[in-house]
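# Residue-level structure breakdown
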Amino acid sequence: MRSEKFDVLVVGAGSAGVAAAVASARNGARTLLIDSGPTIGGELLSGMTIDGAINARGERIIGGVIDDIVNECRALGGYARELNDWRLIRYIACDPEYMKMAVARVVYGSGAEVRLNTFADDVARNGDRIEGVIVRDKQGRSLITADVYIDCSGDADLCALAGSEMLPADKDTKPQPVSMMFRMAGVDTRPLLEFVREHPEYFAVGESDAIRGGRTDKEIAEEIWKQGEPCVFLKGDADFLGSAITRGEMFPTALIMIQPTSAARREVCVNATRITLDDPLVSRAYGKAFGVLIDQVQQCSTYLARRLPGFENAALSGVAPRIGVRETRRVLGDEILDGDDVFAGRKREDGVAKGCHHIDIHQEGTGQIRIPVADGGSYDIPFSTLIPKGLSNTLVAGRCFSADRRAQGSARVMGGCLAMGQAVGTAAAMASDTNAPADVRAVGVKHLRSRLKEQGAILEGTH
């Protein structure tokens, strides 16, 4: 069997894995990033906005690698703009076609090595240490050894192979639905926003006090008009979309989220499709879901073109490269981030990343729980939630980190994943840079925080 040695191995090349690999390589570690798919970037390539990077007050709460990726997107000529959704959050809307290039340029520019179509197949574990990962690609199996391993797989695949304990799923609740983002070009913004002005009751607005600021729905609709971007959310329980669901023209959904991706193409991303699975890790069910979601893309794009002002001449222009998954396994870490800490916007001296997205738990049909962070602020993600319990040379980042279901429902978005990834990538490089066997717990949190701040992370000074 082939064998190779690296300082740091990152499994999974979504938002968290990309940031982890970049941070690790920039901090001097020989870094390998692997992904089971044919590309890197994950949801950054879907057209979905980067949520969780700007709080409802308009403060940037995440910096560093995220800035490099967004700035590279702009430098290449792509759309990248900070916007207010006038509902719960602010976010960064980006052109996914340019993001494909921006993500690759930042990752390869960091010096990290990338291998695609490569699966983590098995783990060699000795006590509290992973000693190697057996990977499978089209040439067969090989052994990758490293000082530190980082699980950014989303599904906690590496930790599961290592026998790590997972947090229990809610017994009476199914995982959040899976979705398929899609895009439509040729959207006329002016008639769309005029429709919002005339019928604010059809749209989700002012769900956070920090966003509402004492305004009426009609006044918020004027602010949406002034912003001048196709950034609106049709409500599934309001008459316009609700009646379409009742008569079968649309499938049941909580919201149709419309967010800009390109001014040049007059293009928007639509987040509306959904199907609830008993377990998204079951490949048979996951495979069947793909067909259902594609049918929903066709149904929703047809509905928008037929019914929503501004979409009369719009056409389907792109479908996300993969199904978007919100929730599967969650690793038990040294500590569990709690939903109460998220809701209260709790700050911590051992925080190494921040989050600000509302507690966001999608449900079957038209159901969705949306609870804003107090005062439109942010909360800290402690280092201890990124360390799998019982392992000394392994870290975790992304939606599978150690959090209860409410906290995961907030931190799982791209902004939080990028911040967690940068934190663990930096910590992994620091842990590997010793003569002794790497121990991630031996990395001083104060030292790690200082290094992160030097490299653009935002850990203090925001609500």
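The structure reproduced in this document is the subject of the present report. This one's a predicted model, so the numbers in the text were calculated from it and none came from an experiment.

## Notes on the overall build of the protein
- Secondary structure summary: the protein contains 13 helices and 19 strands in total.
- Relative to its length of 463 residues, the protein is compact, with a C-alpha radius of gyration of 21 Å against a globular reference of 23 Å.
- Once the C-alpha set of the protein is aligned to its principal axes, its extents read approximately 65 × 45 × 45 Å.
- Residue pairs at least 24 apart in sequence account for 75% of intrachain contacts in the protein once pairs closer than 6 positions are excluded.
- Per element, the accessible surface of the protein, about 17300 Å² overall, is 47% carbon and sulfur.

## A word on the sheet that holds strand S4 (residues 80-84)
- Across the sheet, 3 strands lie side by side as S3-S5-S4; this open sheet has antiparallel pairing. Of all the strands in the sheet, the pair left with one neighbour each is strand S3 (50-54) and S4. The mean angle between the axes of side-by-side strands here comes to 40°, regardless of whether they run parallel or antiparallel.
- Two elements, S3 and strand S5 (residues 90-94), share 2 bridges in a ladder whose sense is antiparallel. Across the sheet, residue Ile54 finds its bridge partner in S5, namely Arg90.

## Considering the pattern of salt bridges
- Tallying each qualifying case throughout the model produces 43 salt bridges.
- With its nearest N and O atoms 2.6 Å apart, the salt bridge here joins Arg115 to Glu4. Of this pair, Arg115 sits in strand S6 (residues 113-115) while Glu4 is found in strand S1 (residues 2-11), placing the two residues 111 residues apart along the sequence.
- Judged by relative accessible area, which is 29%, Glu4 ranks as partly exposed.
- A salt bridge links Glu460 to Arg449, with the shortest nitrogen-to-oxygen separation between them at 3.2 Å. Of this pair, Glu460 sits in the segment after helix H13 (445-454) while Arg449 sits in helix H13; the two residues are 11 residues apart in sequence, bridging distant segments of the chain.
- On the accessibility criterion, Arg449 (9% relative accessible area) is buried.

## Thoughts on the packing of aromatic side chains
- What the rule picks out here adds up to 5 aromatic pairs.
- Seen in terms of ring centroids, Phe195 and Phe203 are 6.0 Å apart; in terms of plane orientation they differ by 80°. Their pairing is edge-to-face.
- Feature note: the residues Phe195, Tyr202, Phe203, Phe240 and Tyr303 constitute an aromatic cluster, connected by ring pairs.
- The ring of Phe6 carries Arg30 above its face, with NZ or CZ at 4.1 Å from the centroid.
- In this arrangement the basic side chain of Arg197 is found over the ring face of Trp225, its NZ or CZ atom lying 4.3 Å from the centre.

## Some thoughts on empty space enclosed by the protein
- As enumerated under the stated definition, the model contains 3 cavities of 30 Å³ or more in all.
- Here the largest cavity is characterised by a volume of approximately 70 Å³.
- The wall of the largest cavity is formed by 13 residues, among which Gly63, Val352, Ala419, Ala457 and Ile458 lie closest to the centre.
- Those elements giving two or more residues to the lining of the largest cavity turn out to be strand S15 (351-355) and helix H12 (414-432).
- Of the residues contributing to the lining of the largest cavity, the split by class is 10 nonpolar, 2 polar and 1 charged.
- The volume enclosed by the second largest cavity comes to roughly 60 Å³.

## A closer look at helix H9 (residues 283-307)
- Over its 25 residues, H9 runs 36 Å from end to end, which matches the ideal 36 Å to within 8%, given 1.5 Å per residue.
- Looking at the buried positions of H9, the neighbouring elements they touch are strand S10 (182-185), strand S11 (232-235), helix H8 (239-246), strand S12 (255-262), strand S13 (267-271) and strand S14 (315-319).

## What to know about the nonpolar core
- Membership of the largest hydrophobic core comes to 128 residues, with the highest contact counts inside it found for Ile50, Met99, Ile256, Leu304, Phe311 and Leu395.
- Considering every element that reaches this core, the biggest residue donor is H12, with 12 residues.
- Every residue in contact with Ile50, bar those within four places of it in the chain, is listed here: Leu44, Ile66, Val70, Tyr91, Ile92, Cys94, Met99, Met414, Gly415 and Leu418.
- If you look at the next biggest cluster of nonpolar residues, it comprises 15 residues, including Ile144, Ala146, Ala162 and Leu391.

## Considerations on the layout of surface pockets
- If you add up the space inside the second largest pocket, you get close to 270 Å³.
- In the lining of the second largest pocket, the residues fall into 7 nonpolar, 2 polar and 8 charged.

## Here we look at the sheet that holds S13
- Spatially, the 5 strands line up as an open sheet ordered S11-S12-S13-S10-S14, and their pairing is antiparallel. Pairing within the sheet leaves two strands with one partner each, and these edge strands are S11 and S14. This sheet shows a mean twist of 30° between the axes of neighbouring strands, independent of strand direction.
- Sheet analysis places S10 next to S13, joined by 3 bridges and oriented antiparallel. Opposite Arg183, over in S13, you have Cys269 as the bridge partner.
- The strands touched by H9 within the sheet are S10, S11, S12, S13 and S14, with S10 carrying the most contacts at an inclination of about 30°.

## Let's talk about the pairing of S4
- Of the strand pairs in this sheet, S4 and S5 are connected by 5 bridges, and their pairing is antiparallel. Counterpart to Glu82 in the pairing with S5 is Ile92.
- Adjacent in sequence and paired antiparallel, S4 and S5 are bridged by 5 residues, among which Trp86 carries a positive phi angle near 55°.

## Observations concerning the side chain of Thr261
- With respect to the helices and strands, the residue Thr261 is situated in strand S12.
- Using a relative accessible area of 0% as the deciding quantity, one classes Thr261 as buried.
- In terms of polar contacts, Thr261 uses its side chain to reach the side chain of Glu267, at 2.8 Å.
- Leaving out residues up to four positions away in the same chain, Thr261 has contacts with Gly47, Tyr79, Cys94, Asp95, Pro96, Arg183, Glu267, Val268 and Cys269.

Cut-offs used in this document
Residue indices follow the written sequence of each chain, beginning from 1 at its first position. Whole-chain, interface and lining totals are the exception, using all residues; otherwise, since this is a predicted model, local features are given only for residues with pLDDT of at least 70 and side-chain atom pairs are given and counted only at 80 or more. Only heavy atoms go into the side-chain values, all of them from the structure, while hydrogens and water stay out. Elements are defined by DSSP. Helices are runs of H or I of four residues or more, strands are runs of E of two residues or more, and each kind is numbered from the N terminus. Taken over C-alpha atoms, the radius of gyration is set against a globule rule of 2.2 Å times the number of residues to the power 0.38. Whether two residues touch is decided by their heavy atoms; if any such pair falls within 4.5 Å, the residues are in contact. Exposure was quantified through the Shrake-Rupley algorithm and a 1.4 Å probe, taking into account, for residues, occlusion by the shown protein chains and nothing else. A strand pair is defined by DSSP finding two or more bridges across the two strands. Helix axes are fitted to C-alpha atoms over the stretch in contact, other axes to C-alpha atoms as well, and angles between N-to-C directions run from 0 to 180 degrees. Each reported salt bridge corresponds to a side-chain nitrogen of Lys or Arg within 4 Å of a carboxyl oxygen of Asp or Glu. Only protein chains enter the calculation, and the probe is 1.4 Å; a residue is then buried if its accessible area is under 20% of its type maximum, exposed if over 50%, and partly exposed in between. A pair of aromatic rings is counted whenever rings of Phe, Tyr or Trp (Trp by its six-membered ring) have centres within 6.5 Å, and the orientation is called stacked for planes under 30 degrees apart, edge-to-face for over 60 and tilted otherwise. In our convention, an over-ring charge means Lys NZ or Arg CZ found within 6 Å of a ring centre and within 35 degrees of that ring's normal. Cavity and pocket criteria rest on a 1 Å grid covering protein atoms alone: a 1.4 Å probe that fits but cannot get out defines a cavity, protein on both sides within 12 Å along at least 5 of 7 lines defines an open pocket, and an atom within 4 Å of a point defines a lining residue. Grid points are joined across faces, edges and corners, and a volume is the space filled by probe spheres set on the points. Note on residue classes: Ala, Val, Leu, Ile, Met, Phe, Trp, Tyr, Cys and Pro are nonpolar, Asp, Glu, Lys and Arg are charged, and everything else, Gly too, is polar. The length a helix should cover is 1.5 Å for every residue beyond the first. Definition of nonpolar core: a set of buried residues of the types Ala, Val, Leu, Ile, Met, Phe, Trp, Tyr and Cys, connected through side-chain atoms within 4.5 Å. Within 3.5 Å is the distance limit for a polar contact, defined as a pair of N or O atoms, with the added protein rule that one can donate a hydrogen and the other accept it, and that residues adjacent in sequence qualify only through two side-chain atoms.

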